[in-house]
Amino acid sequence: MNTFAIVSLIILAVLIIGIIVLYFLGKKAQKKQEEQQEQLDAMKQTVSMLVIDKKRMKLRDAGLPQMVLDQTPKYLRGSKLPIVKAKVGPQIMSFIADEKIFDEIPVKREVKATISGLYITSVKGLHGNVNKNAEPVKKSWRAKFQDKIDKLQEKAGAKPIK
C-alpha cells in the first residue's frame, strides 16, 4: 500500500470517530435540554407586567441578581442576551426573554407574560394584540433594492424576478 492510501484511511478513521463522538454528545445535550424544559414548565406562572425597556445586553450589565451571575459559566458572561426591564407589581425587575419571543414584546405596554423565575417564555397582550405597537422590521439594503427593481419592472410591464 502506498502512503496516500494509509493517510486517507487514517483521516477516514478520525472522521468516523469524530462523527460518533458528536452523535453521543448531541444525544446528551438533547436530554439535558428536555430536562431543563420540564423544569421551566413546572415553575411557570402568568403575571401582568408593564414593559419599560428591552435591549440585548451583556449579562453583567443587565442588572440581574448576583446569584444569576455566579451560576452562569464564565464563557457566557460576555455574551449578549435579550433583557426586558418591566414593572411587576410595585417593583421594577430585569428578565431574560426567550430569543423566539423577544421581537414580539411591545415596549411601554402592559402585557400578560408567562415567566419561570427570571425567564420570560411567552407574552400575550393584555389590551388587544401584542404586535400592534411593535417596531417595524427594518429591511436590509438588498431587500429595499429588490423592491425598487420589482416596482420598476412592474411599471415597465415585465414580470418581477423572484
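Scroll up for the structure.
Residues numbered from 1 in each chain as written. Predicted model: local features only at pLDDT ≥ 70, side-chain atom pairs only at ≥ 80, totals over all residues. Heavy atoms only, no water.

A. Just a negative patch on the surface, in detail. Taken together, E34, E35, E38 and D41 make up a surface patch of like negative charges. Summarising the element assignment, E38 is placed in helix α1 (residues 3-43). On the basis of relative accessibility, which here comes to 56%, the residue E38 falls in the exposed class. (Patch = residues over 30% accessible without salt bridge, like charges linked within 9 Å, V, L, I, M, F, W, Y side chains within 5 Å. Areas by Shrake-Rupley, 256 points an atom, 1.4 Å probe, with all protein chains shown as cover. Salt bridge = Lys/Arg side-chain N within 4 Å of Asp/Glu carboxyl O. Lys, Arg positive; Asp, Glu negative; His and termini not counted. Charge placed at Lys NZ, Arg CZ, Asp CG, Glu CD. Helix = DSSP H or I, 4+ residues; strand = E, 2+ residues; numbered from the N terminus. Buried < 20%, exposed > 50% of the residue type's maximum accessible area, 1.4 Å probe, protein only.)

B. Representation of the sheet that holds strand β2 (residues 80-88). What the five strands build is a closed barrel, ordered β1-β2-β3-β5-β4; its pairing is mixed. This sheet shows a mean twist of 50° between the axes of neighbouring strands, independent of strand direction. One ladder, built from six bridges, connects strand β1 (residues 45-58) with strand β4 (residues 110-116); its direction is antiparallel. Each bridged residue has a counterpart across the sheet, and for V47 the counterpart in β4 is A113. Along the sheet, α1 makes contact with β1, β4 and β5 (119-125), crossing β4 at roughly 130°. (Pairing = 2+ DSSP bridges. Axes fitted to C-alpha atoms, helices over the stretch in contact; angles between N-to-C directions. Contact = heavy atoms within 4.5 Å.)

C. Representation of the packing of aromatic side chains in the model. All told, the structure shown has one aromatic pair when counted by the stated rule. Where Y23 meets F24, the ring centres are 5.3 Å apart and the plane angle is 75°; that geometry is what we call edge-to-face. For K54, the ring lying beneath its charged end belongs to F102, and the centroid distance is 5.0 Å. (Phe/Tyr/Trp six-rings, centres within 6.5 Å; stacked < 30°, edge-to-face > 60°. Lys NZ or Arg CZ within 6 Å of the ring centre and 35° of its normal.)

D. Spotlight on the pairing of strand β3 (residues 91-97). One ladder, built from six bridges, connects β2 with β3; its direction is antiparallel. By the bridge assignment for β3, V84 is matched with F95. Hairpin remark: β2 followed by β3, antiparallel, with two residues in the connecting loop; positive phi at G89, about 65°. The sheet contact formed by β3 and β5 spans two bridges and is parallel.

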